[in-house]
Amino acid sequence: MSAEVLVEKKKLKTPPLDIHYLGDRALRQNAKRIAKVDREIRQLVKEMLQTMYSADGIGLAAPQVGIQKQLIVVDCEPDNPATPPLVLINPTIKQYSDDVCLFQEGCLSIPGVYMDVKRPEMIEVVYKDEQGRPQMMIATEMLSRAIQHEMDHLNGVLFVDRVENQLALTEELTKHKFSHRAVKPVAL
Ligand code: ZN
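The structure presented is a predicted model; accordingly, all values stated were derived computationally and were not measured. (Residues numbered from 1 in each chain as written. Predicted model: local features only at pLDDT ≥ 70, side-chain atom pairs only at ≥ 80, totals over all residues. Heavy atoms only, no water.)

> I'd like to hear about the overall build of the chain, residue by residue, with values.
Looking only at helices and strands, one finds three helices and seven strands in the chain. Written out in order from the N terminus, the α and β elements of the chain read α-β-β-β-β-β-β-β-α-α. The C-alpha atoms of the chain give 16 Å as radius of gyration, which agrees with the globular expectation for 188 residues (16 Å, within 12%). Evaluated residue by residue, the chain yields a buried proportion of 45% over its 188 residues. Contacts in the chain between residues at least 24 apart in sequence constitute 68% of all its contacts with a sequence separation of at least 6. For the chain, the exposed surface amounts to about 10200 Å²; the carbon and sulfur share of it is 50%. (Helix = DSSP H or I, 4+ residues; strand = E, 2+ residues; numbered from the N terminus. Rg over C-alpha atoms; globule rule 2.2 N^0.38 Å. Buried < 20%, exposed > 50% of the residue type's maximum accessible area, 1.4 Å probe, protein only. Contact = heavy atoms within 4.5 Å. Areas by Shrake-Rupley, 256 points an atom, 1.4 Å probe, with all protein chains shown as cover.)

> Kindly report on the pattern of salt bridges, identifying the contributing residues and their values.
Throughout the structure, instances matching the rule amount to twelve salt bridges. The shortest N-O distance in the salt bridge between Glu8 and Lys10 comes to 3.9 Å. Since its relative accessible area comes to 58%, Glu8 is described here as exposed. Put simply, Arg145 and Glu105 hold a salt bridge, and the shortest N to O gap is 2.7 Å. Of the two residues, Arg145 sits in helix 2 (residues 141–154) while Glu105 sits in strand 4 (residues 100–105), which places them 40 residues apart along the sequence. Judged by relative accessible area, which is 8%, Arg145 ranks as buried. Because the salt bridges share partners, they merge into one network encompassing Glu105, Arg119, Arg145, Asp152 and Arg162. (Salt bridge = Lys/Arg side-chain N within 4 Å of Asp/Glu carboxyl O.)

> Let's hear about the coordination of the zinc ion: which residues, and what values?
Taken together, Cys107 (SG), His149 (NE2) and His153 (NE2) make up the protein donors of the zinc ion, found 2.1 to 2.2 Å from the metal. Each donor residue of the zinc ion belongs to the same chain, and together they define the spacing C-x41-H-x3-H. Here His153 and His149 lie together in helix 2, a separation of four residues that amounts to about one turn. This pair shows no difference in class: His149 is buried, exactly as His153 is. (Donors = N, O, S within 2.8 Å, 3.2 Å for Na, K, Ca; no water.)

> Quick rundown of the nonpolar core? Include the residues and the values.
Counting residues in each nonpolar core, the largest one holds 21 residues, and the members touching the most others are Val45, Met48, Leu49, Leu60, Leu71, Val73 and Ile89. Breaking this core down by element, the ones donating at least two residues are helix 1 (39–54), strand 2 (71–74) and strand 3 (86–96). At seven residues, helix 1 tops the list of elements feeding residues into this core. Aside from chain neighbours lying at most four places away, what touches Leu71 is Ile34, Leu44, Val45, Met48, Leu60, Ala61, Ala62, Val87, Leu88, Ile89 and Leu154. In this structure, Leu22, Cys107, Val163 and Phe178 belong to the second largest nonpolar core, which totals 16 residues. (Core = buried A, V, L, I, M, F, W, Y, C linked by side-chain atoms within 4.5 Å.)

> Outline the environment of His176, listing residues and values.
In this fold, His176 is placed in the segment after helix 3 (166–175). Residues in contact with His176, not counting those within four places in the same chain, are Pro111, Gly112 and Val113.

> Let's hear about the sheet that holds strand 7 (residues 134–139): which residues, and what values?
Spatially, 1-2-3-6-7 is the arrangement adopted by the five strands of the open sheet, whose pairing is antiparallel. Looking at strand neighbours, the two that pair on one side only are strand 1 (59–61) and strand 7, the edges of this open sheet. Between one strand axis and the next, the sheet turns by 40° as a mean value, whatever way the strands run. Bridge analysis of strand 6 (residues 123–128) against strand 7 gives six bridges, and the strand direction is antiparallel. Bridging across to strand 7, Val126 finds its partner in Met136. Running at roughly 155° to strand 2, helix 2 makes contact with strand 1, strand 2, strand 3, strand 6 and strand 7 of the sheet. (Pairing = 2+ DSSP bridges. Axes fitted to C-alpha atoms, helices over the stretch in contact; angles between N-to-C directions.)

Written as structure tokens, this is what we have:
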């Protein structure tokens with residue numbers, strides 16, 4: 001991974017970027033493709049990683065910090081200093097498995113709320129890395145889920161939009177001081 005974006009996996013007292021929360025319009029927009037992966041983008045990647053680790057997250061999408069660009073960062077092993085995080089620029093899912101699975105998700109933009117979401121188990125995704133090189137990956141399990149969750153953010157979709165149990169969702173949101181009116185259910 002490029003040295004320009006390498007950061008220590010630790011919490012900063014003052015993370016460089018502010019995370020937007022459920023109800024904020026920034027989370028409901030369509031992010032734009034990144035035409036050129038340059039130094040400015042790598043600086044953003046670095047700050048997003050620092051912000052993600054500071055918030056104890058395993059993924060962060062640019063719209064969550066108010067930047068409408070197709071960029072996500074993911075690290076399913078935030079406590080392992082040896083594994084580099086993943087940077088996906090302009091990601092596109094080429095293929096989904098027919099198999100779906102149900103698993104609990106949370107989101108840095110909806111702190112405290114955890115709900116089960118059904119998603120395809122496996123995906124094939126193409127993207128550019130932080131150097132602008134085209135990449136392809138087949139992801140399963142936790143990584144597949146994290147990428148799908150973060151990519152939803154690029155289309156203004158949040159995991160709560162995919163929760164089937166509306167009653168339990170409203171209860172969980174209320175408990176954490178969020179309004180269920182901020183949820184925009186997707187056709188399941
Ligand atoms: Zn999220």
